[in-house]
Amino acid sequence: MSTILPLRHQAALPLDRLIRHNPPSGEALEMDVVIVGAGPAGLACALTLAQLAKRAQTAGEGMPDLNIAVLEKAGALGEHSLSGAVVNPRVFRELFPDVPVDALPFRQPVTAEAVYLLSERRAQKIPTPPTMHNAGFHTASLCEIVRWLGERAEELGVNLFPGFPVEALLVDGQAVRGVRTTPAGLDRTGGPGPSYQEATEVAGRITVLAEGTRGMLTQAWREWQRVGAPNPQIFALGVKEVWEVKQPLDRVIHTLGWPLPTDAFGGSFMYPLGPNQIAIGLVVGLDYHDASLDVHQLLQRMKLHPLFRPYLEGGQLLEWGAKTIPEGGFYALPQRRHGDGVLLIGDAAGFVDVPSLKGIHYAMQSGVFAAHAAFDALKAGTTAASALAAYDRLVDGSFIAADLHRTRNMRLAFKSGFWVGGAKAGLMTLTGGRFPGTKIDMPEDAATPRAVAAATPFTPDSVLTFSKVDAVFKSGNATRDTIPTHLLIGPDVSGEVADFYSHVCPAGVYERVGDTVRVNAPNCVDCKATDVLGPRWTPREGGSGPKYRLM
Ligand SMILES: Cc1cc2nc3c(=O)[nH]c(=O)nc-3n(C[C@H](O)[C@H](O)[C@H](O)COP(=O)(O)OP(=O)(O)OC[C@H]3O[C@@H](n4cnc5c(N)ncnc54)[C@H](O)[C@@H]3O)c2cc1C
Ligand code: SF4
């Protein structure tokens, strides 16, 4: 049987494009803090900074207003945000102590939950693992959370710039001094088209990278500064749908087992979003072994299972989306998450606890800590790495590091397959993470060989199940189809590799044509899965990509 080694076909990170050794020019917009990415991490950071500045002013500390900018690639806040989501509200309580819980941007409290082990036709209820208890938490749409946080940030004077993707860090020596956004209005050849707008430079005394999963700038900064980690970061791909339903869902559901093969890690979720809507999704670790595994298609099959089908029948697909999740946990955290003039927060740094599928409150809390470190550094008049190192100390002494440490080997155990991994994870829970005593080593996802096998045919019915073309339409993606491609294809992409990419990508961007690959780049929904396993993703014109409202 032939195999594909994804790493062999991957283009190198375009470091010279992502790290520009030119400090911002005199024309640059001047800010105190530039935050890249308006997700929960970036917005919590911006809000906290603005709150700290206001408090200092009220206390008569002679603090001038801070100029805070948040640059976001989505055309409007929340349009590139996707999560499950069941949210632990602890950071909301800290940031908004006077806002009652029913005024926070959540859909409903979790009142009941169940975990099932699935076979193709049956669902066996199993005891809820301790890491998966969600009592006291709330279901929510991350798009709605982000829009709400953005409004609160604007009220405090934060400058939000949606539609401004950052394509490069501007550096001077070892220090980050600001960013450069992508130009807009390029034609297919990469030359200026009729609506051309040149790139903008934004100078920042501190730049905060809050760009989320598989951030390009974070990857580039770490490679440039040689910031390693005990293990490489690994990822999962989540494909999710929001449905309007006739039958309300009364509990949070998670499943393990089918439709995944036993050598793949992952599971599904179905969450109630009020009486008429549900979120349903499937998350699969990108270290699976079968080159024909297709997460979008597995989700489509899964919806026909007797556990899910009764909820969806008679309902309507409202929205579809996809995104990767950093799954490496504690051992994949960068050795340092700070440098001269720069901080890494949220998913960009890898603050996700996989056994509980939680990242939102860790992202927000890391943003709060980054704001405190940045504020103190600005007040002290230095943005050197030594001043910003306070951020790492705050994270390392907090529940973020403690939670990730407790579950440090759980995801990694599953590289030995579902049953062995499940048994090991059970022992880890019983011993509070002390078993097996040492770090489980993990290769990067692209270093796992994939066995080439014929794909299982599947024909969607366009009622309960949908093709990738229909799915992308439901993501709201209306990217101009005349922009230059933003995906960098690597070497020796044969027909077999093209087939592999076509299965990896949930949005149907890649297609095998004879012995080569055809790339339909405008379909891309920025999930970053092929950045992990194949063609590199780079930032493109602002406002491109999905237009999620409910994800
Ligand atoms: C399928 C799925 C289910 C999940 N379920 C849960 C759950 O139930 N509960 C939970 O707590 N967590 C869950 N998570 C994890 C959680 O969503 C993340 O941990 C969280 O969103 C991370 O926040 P962030 O701000 O770091 O990154 P993000 O939310 O990804 O935000 C990053 C932002 O940066 C922007 N950006 C990226 N690059 C650039 C650039 N170059 N220029 C400008 N802007 C840029 C992006 O468009 C985005 O808006 C889930 C994740 C997925 C994918
Ligand atoms: S091409 Fe875009 S949508 Fe497809 S896997 Fe890569 S990042 Fe995701």
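Before reading further, recall that the structure is shown in the block above.
Analysis parameters
- Residues numbered from 1 in each chain as written.
- Chains lettered and ligands numbered in written order.
- Predicted model: local features only at pLDDT ≥ 70, side-chain atom pairs only at ≥ 80, totals over all residues.
- Heavy atoms only, no water.
- Pairing = 2+ DSSP bridges.
- Helix = DSSP H or I, 4+ residues; strand = E, 2+ residues; numbered from the N terminus.
- Axes fitted to C-alpha atoms, helices over the stretch in contact; angles between N-to-C directions.
- Contact = heavy atoms within 4.5 Å.
- Nonpolar A, V, L, I, M, F, W, Y, C, P; charged D, E, K, R; others polar.
- Expected span 1.5 Å × (residues − 1).
- Buried < 20%, exposed > 50% of the residue type's maximum accessible area, 1.4 Å probe, protein only.
- Near = heavy atom within 4 Å.
- 1 Å grid on protein atoms, 1.4 Å probe; cavity = no way out; pocket = protein on both sides within 12 Å on 5 of 7 lines; lining within 4 Å.
- Sits in = over half its atoms within 2 Å of the grid points.
- Arc of directions from axis to C-beta.

**Student:** If you had to explain the sheet that holds strand 8 (residues 123–126) to someone new, which residues and values would you point to?
**Tutor:** Strand order in the open sheet formed by seven strands is 8-7-17-18-19-16-20, with mixed pairing between adjacent strands. The open sheet is flanked by strand 8 and strand 20 (316–326), the only strands paired with a single partner. Each strand of the sheet is rotated relative to its neighbour by a mean of 20 degrees, with strand direction disregarded. Pairing analysis gives four bridges linking strand 7 (residues 113–118) to strand 8, with the strands arranged antiparallel. Its bridge partner being in strand 8, Leu117 is matched across the sheet by Gln124. Contacts between helix 6 (residues 295–302) and the sheet are confined to strand 16 (235–244), strand 18 (266–272), strand 19 (277–285) and strand 20, with strand 19 contributing the most and set at about 135 degrees to the helix.

**Student:** Tell me about the packing of helix 8 (residues 360–380) against helix 10 (residues 399–406), residues and numbers included.
**Tutor:** Viewed as axis vectors pointing N to C, helix 8 and helix 10 meet at an angle of 140 degrees, and their least axial separation amounts to 10 Å. Counted together, His361, Tyr362, Gln365, Ser366 and Phe369 of helix 8 and Phe399, Ile400, Asp403 and Leu404 of helix 10 form the full contact between these two elements. Of the residues belonging to the contact of helix 8 with helix 10, the class tally is five nonpolar, three polar and one charged.

**Student:** Account for helix 2 (residues 40–58), with residues named and values stated.
**Tutor:** The terminal C-alpha atoms of helix 2 lie 27 Å apart, and with 19 residues this matches the ideal 27 Å at 1.5 Å per residue to within 8%. For helix 2, the tally of buried residues reaches 15 of 19 residues, placing the bulk of the element in the interior. Note on helix 2: the residue one or two positions beyond its end, Gly60, has a positive phi of about 70 degrees.

**Student:** Give me the lowdown on the site of ligand 2, citing residues and values where you can.
**Tutor:** The full set close to ligand 2 counts 13 residues, and Cys505, Cys524, Cys527, Lys528 and Thr530 are the nearest of them. Taken atom by atom, the bulk of ligand 2 overlaps the second largest cavity. Residues belonging to the shell around ligand 2 are distributed by class as follows: eleven nonpolar, one polar and one charged.

**Student:** Quick rundown of the environment of Val36? Include the residues and the values.
**Tutor:** Here Val36 shows up in strand 3 (residues 29–36). A sequence separation of 175 residues divides Val36 from Glu211, and the C-alpha atoms of the two residues are 5.7 Å apart. With near-sequence residues (within four places) excluded, Val36 lies in contact with Leu71, Val166, Val179, Thr207, Val208, Leu209, Ala210, Glu211 and Leu217.

**Student:** I'd like to hear about helix 9 (residues 385–396), residue by residue, with values.
**Tutor:** An α-helical turn contains 3.6 residues, so any two residues separated by three or four positions project in the same direction. Taking 1.5 Å per residue as the helical rise, helix 9 with its twelve residues ought to reach 16 Å, and the 16 Å between its terminal C-alpha atoms agrees with that figure. Every buried residue of helix 9 is listed here: Leu388, Ala389, Tyr391, Asp392 and Val395. For helix 9, the buried positions fall inside an angular range of 140 degrees around the axis, keeping them on one side. Among the exposed residues of helix 9, those pointing more than 90 degrees away from its buried face are Ser386 and Arg393. Tucked inside the fold, the buried residues of helix 9 contact strand 15 (201–209), strand 21 (338–339), strand 22 (342–344), helix 8 and helix 10.

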